Amino acid sequence: MAKIVRANTNIALIKYWGKADEALKIPTNSSLSMTLDNLYTETSVDYQSELSEDVFYLDGIQQTGKSLERVQKFMDYVRKEYNVKEYALITSYNHVPSAAGLASSASAFAALAKASTLHLNLDDEALSRLARVGSGSASRSVYEGLVEWEKGKDHETSFAKPIPNSDWPELRMVICFVNEEKKKFSSGFAMQETSQKSAYFDAWVKQSHEDIVTAKKAIEEKNLNKLGTVVQENALRMHASLMAVNKWYFEPKTIEIMNIVETLQAEIPVYFTMDAGPNVKILTDEAHVDQLLNHLKEYKTMVCKTGKGLTVYDEL
Ligand code: 2P0
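Reading the values: rules and limits
Residues numbered from 1 in each chain as written. Predicted model: local features only at pLDDT ≥ 70, side-chain atom pairs only at ≥ 80, totals over all residues. Heavy atoms only, no water. Pairing = 2+ DSSP bridges. Helix = DSSP H or I, 4+ residues; strand = E, 2+ residues; numbered from the N terminus. Axes fitted to C-alpha atoms, helices over the stretch in contact; angles between N-to-C directions. Phe/Tyr/Trp six-rings, centres within 6.5 Å; stacked < 30°, edge-to-face > 60°. Buried < 20%, exposed > 50% of the residue type's maximum accessible area, 1.4 Å probe, protein only. 1 Å grid on protein atoms, 1.4 Å probe; cavity = no way out; pocket = protein on both sides within 12 Å on 5 of 7 lines; lining within 4 Å. Points joined across faces, edges and corners; volume = space filled by probe spheres on them. Parallel < 35°, antiparallel > 145°, perpendicular 65-115°, else oblique. Left-handed = near helix turned anticlockwise from the far one by under 90°. Contact = heavy atoms within 4.5 Å. Polar contact = N/O pair within 3.5 Å; in protein donor to acceptor, adjacent residues only side chain to side chain. Disulfide = S-S within 2.5 Å. Near = heavy atom within 4 Å. Areas by Shrake-Rupley, 256 points an atom, 1.4 Å probe, with all protein chains shown as cover.

### Section: the sheet that holds strand S10 (residues 171-177)
Pairing is antiparallel across the open sheet formed by four strands, whose spatial order is S11-S12-S10-S13. Of all the strands in the sheet, just strand S11 (271-274) and strand S13 (300-304) have a single pairing partner and so form its edges. Sheet twist, expressed as the mean angle between neighbouring strand axes with direction ignored, is 25 degrees. Where S10 lies against strand S12 (residues 280-285), six bridges are found, and the strand directions are antiparallel.

### Remarks on the packing of aromatic side chains
Overall, the coordinates contain four aromatic pairs when judged by the stated rule. Between Tyr16 and Trp149, the aromatic rings sit 4.7 Å apart at their centres with planes inclined by 65 degrees, giving edge-to-face as the arrangement. In this pair, Tyr16 sits in the loop between strand S1 (4-14) and strand S2 (19-21) while Trp149 sits in strand S8 (residues 146-150), placing the two residues 133 residues apart along the sequence. Of the residues examined, Tyr16 reaches a relative accessible area of 9% and is grouped as buried. Between Phe74 and Phe109, the aromatic rings sit 5.5 Å apart at their centres with planes inclined by 65 degrees, giving edge-to-face as the arrangement. With Phe74 in helix H1 (residues 65-82) and Phe109 in helix H2 (residues 104-115), this pair connects stretches of sequence that are 35 residues apart. Across the pair, exposure class does not vary: Phe74 and Phe109 are buried alike.

### Digging into the layout of surface pockets
One number sums up the size of the second largest pocket: a volume of about 290 Å³. Taken together, Glu22, Ala23, Leu24, Lys25, Arg70, Lys73, Phe74, Tyr77, Phe109, Val133 and Gly134 make up the full set of residues lining the second largest pocket. Breaking the lining of the second largest pocket down by element, the ones donating at least two residues are H1 and helix H3 (124-134). Ranked by residues supplied to the lining of the second largest pocket, first place goes to H1 with four residues.

### A short note on the packing of helix H5 (residues 201-221) against helix H6 (residues 224-243)
Running from N to C, H5 and H6 point in directions that differ by 160 degrees, and their axes come no closer than 9 Å. In terms of their interaxial angle, H5 and H6 are classed as roughly antiparallel. The interaxial crossing formed by H5 with H6 has left-handed handedness. For the pair H5 and H6, the contacting residues are Trp204, Gln207, Ser208, Asp211, Thr214, Ala215, Lys217, Ala218, Ile219 and Glu221 in the first and Lys226, Leu227, Val230, Asn234, Arg237, Met238 and Ser241 in the second.

### Considerations on the environment of Asn10
The topology assignment puts Asn10 in strand S1. We classify Asn10 as buried; its relative accessible area is 1%. As a C-alpha pair, Asn10 and Thr117 span 107 residues in sequence and 21 Å in three-dimensional space. There is a polar contact of 3.1 Å between the side chain of Asn10 and the backbone oxygen of Ser137. Separated by 2.9 Å, the side chains of Asn10 and Ser141 make a polar contact.

### A few points about the state of the cysteines
Applying the stated criterion across every chain yields a total of zero disulfides. As a non-bridged cysteine, Cys304 has Cys176 as the owner of its nearest cysteine sulfur, 11 Å distant. We classify Cys304 as buried; its relative accessible area is 0%.

### A word on the site of the ligand
Near the ligand lie 17 residues; those nearest to it are Tyr16, Lys19, Ser135, Gly136 and Ser137. At 2.8 Å from an oxygen atom of the ligand is found a side-chain nitrogen or oxygen belonging to Lys19. Contacts to the ligand include Ser105, whose side-chain N or O atom sits 2.8 Å from an oxygen atom. Protein coverage of the free-state accessible area of the ligand, which is 470 Å², stands at 93%.

### Focus: unusual backbone geometry
For Lys25, which is not glycine, the phi dihedral falls at a positive 55 degrees. Mapping Lys25 onto the fold places it in the loop between S2 and strand S3 (26-27). Accessibility expressed as a relative area gives 15% for Lys25, which makes it buried. The backbone of Asn246 shows a phi angle near 70 degrees, a positive value even though the residue is not glycine. Along the chain, Asn246 falls in the loop between H6 and helix H7 (252-264). Residue Asn246 is classed as exposed on the basis of its relative accessible area of 61%.

### Description of the pairing of S10
In terms of burial, S10 is a largely internal element, seven of the seven residues being buried. Burial of S10 is two-sided: the residues Leu171, Met173, Ile175 and Phe177 facing one way and the residues Arg172, Val174 and Cys176 facing the other way are all buried.

What follows is the structure, encoded as structure tokens:
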């Protein structure tokens, strides 16, 4: 029986937004993320000589169309890169609401990168590069805790790695579910529109280089106020660059939660970030979670800690 690989999803503290190379998903800026502990994908890949194409089941349902094509394209890349001859039966369970800006593609392609190459025993750097080809943010889900994806300049140099001495067990990410339906438009499309047409794109790229430096310094100092401030600013900068091409992911509840967090900031360290969807994620620490949740009673929430990197286990 094929082994199962679990990959946790990650939330960017400093966002990836824009590609220098569309096919290989080389980004225009480095990004920094927190791997979460309880939103994950579990995947097994069983190569079978009798198959004439890859077959992909997601949450028990055989996939067709775009969902299947994206996985087949990735598997074709694995076959070519690592000289694999067979097609595979791929079975995946997503414990992340798909396509709602909760980065399901990050955990999905990190798990698939490892599950499709178990026999090759690749190191984490190679797995991160491979996961990136599936989905940029997946390069970061290879690792536990706080992670930096250095943009690099080509396939060899663009991969993620753990941030040294960044162990921060008190850190929490509170997810506020605004809408778990499929997002309005894909992040790939939104990134492309922004990088090609937004008057603010160059400024976004330039500023994000500085934001990475600030965030890494704050992590080194374990300074939550400093980290949270740059995290929130960076998210707003990303969304501002997108809004400048007449597109946004925010819904009324997104703004309501942003306002609640802003008011609370006078008292406690809480900072919001949003991705390619309307859901809000709030960065805080263990000591302030209860007070924060008291103000979010009318929303569905989930409290996450930092989570592990890729894990492999035998089928039960
Ligand atoms: C991030 N996002 O850093 C940013 C912030 C969304 C907003 O990475 O095109 O699914 O597959 O490389 O990784 C979501 O984009 O995009 C994302 P592709 P991906 O988390």
